[in-house]
Amino acid sequence: MGEVKAKVKLTNPTDDELVRRGQLTADQVRVYETEAVIDTGAVCSVLPIHVVQCLGLTIRAQRVAGYADGRTEAVGVVGVLIDWQGRDTLEDALVLGDEVLIGQTVLEKLDLLVDCQNQRLIPNPAHPDQPVNKVRHLNYEL
């Protein structure tokens, strides 16, 4: 299987919120569009520092990233709005590497599947029009 990539739009979530409040115009929102690597083996998404700087994102915390070779490293975490073909989600992303990587949490939240045969990202065929998030109904008696 080859590498799967998909075009995504990354947005500064603070800018997006300020537009909703009428404090910024839509043309002032910092956006970055790119072909992202889709990695079903990664839990988290990853943004390189140049994308973080372009979007004006603030590193809000540090997390430990574990690599396939067993190494660990403390890296920054930022919040970013990730959009694929109109399906969007607010996501924590690790700051490292040199390319945008979309991990499993985004795929789950946007209800997307990887079509390995055709090397592409697709909406879940059971929910082609909009993402459906799985939740567990809990019955609590008081």
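To be clear, the structure that these remarks concern was listed above.
All values derive from a computational prediction rather than experimental measurement.

(A) Inspection of helix H1 (residues 13-20) at higher detail. The residue sitting at the N-terminus of H1 and contributing the capping side-chain oxygen is Asn12; that oxygen lies 2.8 Å from the backbone nitrogen of Thr14. Just downstream of H1 lies Gly22, where phi reads positive at about 80°.

(B) Representation of the side chain of Asn124 in the model. Looking at the element boundaries, Asn124 is found in the segment after strand E9 (120-123). With relative accessibility at 16%, the residue Asn124 sits in the buried group. Here Ala126 takes part through its backbone nitrogen, which lies 2.9 Å from a polar atom of the side chain of Asn124. The residues touching Asn124, leaving out its near neighbours within four places in the chain, are Asp111, Leu112 and Leu113.

(C) The pattern of salt bridges, seen in detail. Scanning the model with the defined rule gives ten salt bridges in all. As a salt-bridge pair, Arg63 and Asp92 come within 3.8 Å of each other at their nearest N and O atoms. Here the residue Arg63 occupies a position in strand E4 (residues 61-66), and Asp92 occupies one in strand E6 (residues 87-95), the gap between them amounting to 29 residues. When salt bridges with common partners are traced through the structure, they connect Arg60, Arg63 and Asp92 into a single cluster.

(D) Main features of the layout of surface pockets. In this structure, the largest pocket encloses a volume near 370 Å³. Lining the largest pocket are 16 residues, and of these Ala42, Val46, Gly66, Tyr67 and Leu96 sit closest to its centre. In terms of residues, the lining of the largest pocket owes the most to one element, E4, which gives three residues. Residues that form the lining of the largest pocket fall into these classes: eleven nonpolar, two polar and three charged. By volume, the second largest pocket is sized at about 210 Å³. Lining the second largest pocket are 13 residues, and of these Leu107, Glu108, Asp111, Leu112 and Leu113 sit closest to its centre. When residues of the lining of the second largest pocket are traced back to their parent elements, those giving at least two are helix H3 (104-109) and strand E8 (112-115). The biggest single contributor to the lining of the second largest pocket is H3, with four residues. Residues that form the lining of the second largest pocket fall into these classes: five nonpolar, four polar and four charged.

Parameters and conventions
- Residues numbered from 1 in each chain as written.
- Predicted model: local features only at pLDDT ≥ 70, side-chain atom pairs only at ≥ 80, totals over all residues.
- Heavy atoms only, no water.
- Polar contact = N/O pair within 3.5 Å; in protein donor to acceptor, adjacent residues only side chain to side chain.
- Helix = DSSP H or I, 4+ residues; strand = E, 2+ residues; numbered from the N terminus.
- Buried < 20%, exposed > 50% of the residue type's maximum accessible area, 1.4 Å probe, protein only.
- Contact = heavy atoms within 4.5 Å.
- Salt bridge = Lys/Arg side-chain N within 4 Å of Asp/Glu carboxyl O.
- 1 Å grid on protein atoms, 1.4 Å probe; cavity = no way out; pocket = protein on both sides within 12 Å on 5 of 7 lines; lining within 4 Å.
- Points joined across faces, edges and corners; volume = space filled by probe spheres on them.
- Nonpolar A, V, L, I, M, F, W, Y, C, P; charged D, E, K, R; others polar.

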